[in-house]
Amino acid sequence: MTVNSNVEAAWRYHNASKHSYASVHNNLHFLDWDNQPLPFKAYTTLEPLRLPREVRQTGVAALSAIAESIHPVASAVPDLEALAQLLYLTAGITRHRKHPGGDIYFRAAACTGALYEVEVYVVCANLVDLEAGVYHFAPAEFALRRLREGDYRSVLSEATGGESAIVHAPLTIICTCTYWRNAWKYQARTYRHFGWDNGTLLANLLAVATALGMPAKVICGFLDAEVNRLVDVDPEREVAYSLVALGHVAALPQQFLSKPSVLHLETVPLSRNEIVYPAMRKIHAASSLRSAEEVGTWRGNAPFAKLPAQTGATVQLHPYSDAEMPRDPIEQVILRRGSARKFAEVPIGLLQLSTILDRATRGIPADFLHPEGTQLNEVYLIVNAVEGLDAGAYVFHRDRQMLERLKAGNFRTQAGHLGLDQDLPAEAAADIFFLADLQIILGRFGNRGYRAVQLEAGILSGKVYLAAYAQRLSATGLTFYDDDVIRFFSPHAHGKSVIMLVAVGKNAKSVL
Ligand SMILES: Cc1cc2nc3c(=O)[nH]c(=O)nc-3n(C[C@H](O)[C@H](O)[C@H](O)COP(=O)(O)O)c2cc1C
C-alpha cells in the first residue's frame, strides 16, 4: 500500500475541516491585522522582466471559450505577448480598492477572502521574445522573474511520468499554493481553498488558452518533490498544486538531466510569524506522489459515479444555441467579473440558468478526467427565483440537459443558513452546489483524489462565474455548513460530500 492509497488521511482532514454552526460559533480565531501576510511573493535578488501590457484581443465569445478546448493537432506555440495575455487574465491585478486595513489588489479570478494564495510559475522552451527558463509571475509589477536559465521541460516530463501533454508542451504553467497567506484567516480549512482558488484561476486560464487557439491540459499527477524543487519553494510553506501544459510542439527528446540545484532564493517574509496548521501538512504529505510508477497509475480513467434513478418531476433545459448566444468576448467578461456583494431578489431567466449549467459543464481537459467529458462533481441546486421554474431543490442531469426536482418550495431561508448564515445565498436567484461521492473518488485516486475533486469544483465554479457575467448576471463563491447541505439534499445526496458552492443572480447594483 502506498501512502496515497491509505485514504484515512483524506477522510480525517475532510471531517475535521467541516463547518457546522457549532464549529463556526465556538471558534475563537480572530484576524491579527498586525500579522497580516503580504499579498505578493517578493524575491529580494531577482530583477523583474516587464511583460507587454498592450496585447491583442482575441474577441472570442466567453460562452464559447469556457465550453471548448483546442485539440493538439498542429503546432501551437505561445509568444511573449500571448503569455502576457494569459497571465494577466488568469492572475493579474484587474481592480484596486483602498481599504482601512491596507489596499486590496483584486485579481482576474475570484479567491477566498481576496487573499490570493496561488502563485504562478512558467517553465518554457525558447519562445518568441522569451528565453527558455523557469520564471515566477509577479502580478504587482506585471513582470516575470527568472529563477533558472535554460530549458527545464524535461524535468516536468520526468515528474509527470512522461505525460503526453507535458512532453509536447512548449510551455507549462505551475500553480503553487502558500499556506499562511490564506490560513491567516481560514486556518486549516485553507487546504480546501487551495483547490477552489486554484480552480477559479484555471477556469480563466483554460478559457483564454482556447481563445488564443492553444491546447491546454490540467495535470494533477506529478512527483511533488521534483516540481517543488524546480520552482525552488520551501514545501513547508508553499507547494505545487497543479500544472497546465500549454501549446503543442514535437516531443522533447528523452533527456536525463541531473536534478535541478537547490537555489534557496531569498524572499521577503510574509509577516512577523506564521502559524502552522499540522492537519494541512498531513493531508498534503498523504496525497503526494513518490514514484514515476505511482504517477503513471494515478492518472487516467475517472470512476463512473451514477446518480440515483430519476423519480422527481423533470424540466428540460434549453440553453442558448451557438448562433443565438451573447457574444461578449472573454477579455471583457473577465475584466467585468467581480463577486456579487448583494443580489437583487429578482428572477433570472431559465434560458440564462440553462446556459450557465450547459456551458460550465462541457468538460475539462485534465489528466484525471478520462474519458474526455467525465466529471467528478455532481450539480445540485436551490432555485429561489428563475422564470419558468418552480422554486425548490433540484439535481442536474448533465447527460440529458435536464433538472430533476427533489422538493418544491421557497427555500431562501434555508439557503441563507446553508451558505454560512449569509444573505447572499438567500438573495441569489439560484445556488449551485457541487457534491461528490468521496468514497468512490478516493477509492480510485487515493488521497490525491481529494485535491482533484476540489480543483475540479473550483474550475466548474470559475466557469459558472464567467458564464454568468457573459450574460450580464452576477455570481459569488460561498462557503457552507457541510453536513447541513447534505441533509438538505438527502435522501438523494445520501453518502455524498459537499465540495463547493456558487450563487448566481442579478447584482443589486445593476437593477437600481
Ligand atoms: C471559493 C470561494 C468562496 C467564497 N466564499 C465567500 C463567502 O462565503 N462570502 C462572501 O461574501 N464572499 C465569498 N467569496 C468571494 C470572495 O470574497 C471574492 O472572490 C474575493 O473578495 C475577491 O473579489 P472578486 O471576486 O470580486 O474579485 C468566495 C469566493 C470564492 C472563490
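Residues numbered from 1 in each chain as written. Predicted model: local features only at pLDDT ≥ 70, side-chain atom pairs only at ≥ 80, totals over all residues. Heavy atoms only, no water.

1. Regarding the overall build of the protein chain
Spelled out, the test is: Per the convention used, a helix needs a DSSP run of H or I reaching at least four residues, while a strand needs a run of E reaching at least two, with both numbered from the N terminus. All radius of gyration figures rest on C-alpha atoms, and the globule criterion is 2.2 Å times the number of residues raised to 0.38. Only protein chains enter the calculation, and the probe is 1.4 Å; a residue is then buried if its accessible area is under 20% of its type maximum, exposed if over 50%, and partly exposed in between.
Within the protein chain, the secondary structure is distributed over 18 helices and 19 strands. Computed over the C-alpha atoms, the radius of gyration of the protein chain is 22 Å, within 12% of the 24 Å expected from 2.2 N^0.38 for a compact globule of 512 residues. Taken along the three principal axes of its C-alpha coordinates, the protein chain extends 65 × 50 × 50 Å. Every one of the 512 residues in the protein chain was classed for burial, and the buried ones make up 60%.

2. Description of a positive patch on the surface
Rules: Patch criteria: residues need more than 30% relative accessible area and no salt bridge. Like-charged residues are merged within 9 Å; nonpolar side chains of Val, Leu, Ile, Met, Phe, Trp and Tyr are merged within 5 Å. Note on areas: Shrake-Rupley, 1.4 Å probe, and residue coverage restricted to the protein chains presented here. Criterion for a salt bridge: a side-chain nitrogen of Lys or Arg within 4 Å of a carboxyl oxygen of Asp or Glu. As used throughout, the charge tally considers Lys and Arg to be positive and Asp and Glu to be negative, leaving His and the chain termini uncounted. For this purpose, a charge sits on NZ of Lys, CZ of Arg, CG of Asp or CD of Glu.
Side chains of Arg95, Arg97, Arg341 and Lys509 sit close together on the surface and give a patch of like positive charge. What makes Arg97 partly exposed here is its relative accessible area of 43%.

3. Description of the packing of helix H4 (residues 80-91) against helix H8 (residues 190-211)
Helix-helix packing is characterised by the crossing angle of the two axes and by the distance between the axes. Selection criterion: To get an axis, fit a line to the C-alpha atoms, keeping to the stretch in contact for a helix; angles then go from 0 to 180 degrees between the N-to-C directions. Reported orientations rely on four angle classes, namely roughly parallel under 35 degrees, roughly antiparallel over 145, roughly perpendicular from 65 to 115, and oblique for the rest. Rotating anticlockwise by less than a right angle from the far helix to the near helix defines a left-handed crossing, while the corresponding clockwise rotation defines a right-handed one. Residues count as neighbours in contact if any of their non-hydrogen atoms are within 4.5 Å of one another. Residues are grouped as follows: nonpolar covers Ala, Val, Leu, Ile, Met, Phe, Trp, Tyr, Cys and Pro; charged covers Asp, Glu, Lys and Arg; every other residue, Gly included, is treated as polar.
At a closest axis distance of 8 Å, the pairing of H4 and H8 adopts a crossing angle of 150°. Looking at the two axes, H4 sits roughly antiparallel to H8. Note that H4 runs across H8; the crossing there is right-handed. Across the interface between the two elements, Gln85, Leu86, Leu89, Thr90 and Ala91 of H4 pack against Leu201, Asn204, Leu205, Val208 and Ala209 of H8. When grouped by side-chain class, the residues that make up the contact of H4 with H8 number 7 nonpolar, 3 polar and no charged.

4. Observations regarding the environment of Asp483
To be explicit about the condition: Pairs of N or O atoms within 3.5 Å make up the polar contacts considered here, provided that, within protein, one atom can donate a hydrogen while the other can accept it, and that residues adjacent in sequence are counted only when both atoms are side-chain atoms.
Turning to its location among the elements, Asp483 is positioned in helix H18 (residues 482-489). In sequence terms Asp483 and Ala467 are 16 residues apart; their C-alpha atoms lie 28 Å from each other. Within the structure, the side chain of Asp483 is placed 2.9 Å from the side chain of Lys18, a separation counted as a polar contact.

5. Quick look at the sheet that holds strand E1 (residues 49-50)
Under the convention used in this document: Two strands qualify as a pair provided DSSP detects at least 2 bridges between them.
Taken in spatial order, the 7 strands of this open sheet run E1-E6-E5-E4-E7-E9-E8, and their pairing is antiparallel. Looking at the sheet topology across the chains shown, the edges are occupied by E1 and strand E8 (216-219). For strand E5 (residues 133-138) and strand E6 (residues 143-149), the ladder comprises 6 bridges, and the chain directions are antiparallel. Among the inter-strand pairings, Gly133 is bridged to a residue of E6, identified as Glu149.

6. Brief notes about the domain arrangement of the protein chain
So the rule is basically this: Note that the domain bounds reflect an automated or database-derived domain assignment. Note on terms: buried area is the combined drop in 1.4 Å-probe accessible area of two parts once they are placed together, counting the loss on both.
One can read the domain layout of the protein chain as domain 1 (59-298) and domain 2 (314-511). A separation of 25 Å is found between the C-alpha centroids of domain 1 and domain 2. Taken residue by residue, the interface counts 55 residues in domain 1 and 48 residues in domain 2. When domain 1 packs against domain 2, close to 4,300 Å² is buried across both sides, 61% of that on carbon and sulfur atoms. Per-residue buried area on domain 1 facing domain 2 is highest for Leu63, Ile66 and Trp298; these three make up 19% of the total on that side. Taken together, domain 1 and domain 2 are joined by 4 salt bridges. Its salt-bridge partner being Asp482, residue Arg192 comes within 2.8 Å of it at the nearest N-O pair. Where domain 1 touches domain 2, the interface holds 32 residue pairs in polar contact (both at pLDDT 80 or more). Elements that contribute at least two residues to the side of domain 1 that touches domain 2 include exactly helix H3 (62-65), H4, strand E2 (93-97), H8, E8, strand E9 (238-246), helix H10 (278-286) and helix H11 (292-298). Ranked by residue count, the leading element in the side of domain 1 that touches domain 2 is H8, at 14 residues. Taken together, the residues that form the side of domain 1 that touches domain 2 break down as 31 nonpolar, 17 polar and 7 charged.

7. A look at the site of the ligand
Defined as follows: Note on terminology: near, applied to a residue and a molecule or strand, indicates that one of the residue's heavy atoms is within 4 Å of it.
Taken together, 22 residues are adjacent to the ligand, and Arg95, Arg337, Ser339, Arg341 and Gln422 come closest. Ser339 places a side-chain nitrogen or oxygen 2.5 Å from an oxygen atom of the ligand. Contact distances for the ligand include 3.2 Å between a nitrogen atom and a backbone N or O atom of Gly477. Burial of the ligand by the surrounding chains reaches 88%, relative to a free accessible area of 620 Å². Broken down by secondary-structure element, the contributors of at least two residues to the shell around the ligand are strand E3 (104-107), H8 and strand E18 (474-478). Broken down by element, the residue count for the shell around the ligand peaks at 3 residues, all from E18. Of the residues in the shell around the ligand, the class split is 9 nonpolar, 8 polar and 5 charged.

8. Side note on H4
The criterion, for reference: Helices are assigned an expected span. That span is 1.5 Å times one less than the residue count.
The end-to-end C-alpha separation of H4 is 16 Å, in line with the 16 Å expected for 12 residues at 1.5 Å each. Counting buried residues along H4, 10 of its 12 residues qualify, which places the element largely inside the surrounding structure. For H4, the full list of buried residues reads Leu80, Ala82, Leu83, Ala84, Gln85, Leu86, Leu87, Leu89, Thr90 and Ala91.

9. A few points about the nonpolar core
What counts, and what does not: As used here, the term nonpolar core means buried Ala, Val, Leu, Ile, Met, Phe, Trp, Tyr and Cys residues forming a set that is joined through side-chain atoms within 4.5 Å.
By size, the foremost hydrophobic cluster in this structure holds 164 residues, and its most contacted members are Ile173, Ile174, Leu381, Ile432 and Phe433. For this core, the element with the highest residue contribution is helix H17 (residues 448-470), accounting for 14 residues. Split by domain, this core shows at least three residues from each of two domains, domain 1 (59-298) and domain 2 (314-511). For Ile173, the contacting residues outside a window of four places in its chain are Leu83, Leu87, Val120, Tyr121, Val122, Leu205, Ser242, Leu243, Val244 and Leu246.

10. Points about the side chain of Glu294
Examined against the element boundaries, Glu294 turns out to sit in helix H11. Buried and unpaired, Glu294 has no salt bridge, with Arg290 as the nearest side chain of opposite charge at 5.7 Å. At a separation of 2.9 Å, a polar atom in the side chain of Glu294 contacts the main-chain amide nitrogen of Arg290. Residue contacts for Glu294: discarding those within four places in its chain leaves Thr2, Asn4, Ser288 and Leu289.

11. Regarding the packing of aromatic side chains
This is how the line gets drawn: Stacked, tilted and edge-to-face are the three classes assigned to paired rings of Phe, Tyr and Trp, where Trp is represented by its six-membered ring and a pair needs centres within 6.5 Å; plane angles under 30 degrees give stacked, over 60 edge-to-face, the rest tilted. Charges are assigned to positions over rings by a cutoff of 6 Å between ring centre and Lys NZ or Arg CZ, combined with an angular limit of 35 degrees from the ring normal.
Under the defined criterion, the tally for this structure stands at 19 aromatic pairs. Note on Tyr191 and Tyr241: the rings are 6.2 Å apart at their centroids and 65° apart in plane angle, and the pair reads as edge-to-face. Residue Tyr191 is found in helix H8, and its partner Tyr241 is found in strand E9; the two are separated by 50 residues along the sequence. In this pair, the class of Tyr191 matches that of Tyr241, namely buried. Across from the ring centre of Phe106, 4.5 Å away, lies the NZ or CZ of Arg95, which sits over that ring. In this structure, Lys407 is placed above the aromatic ring of Phe488, and the distance from its NZ or CZ to the ring centre is 3.9 Å.

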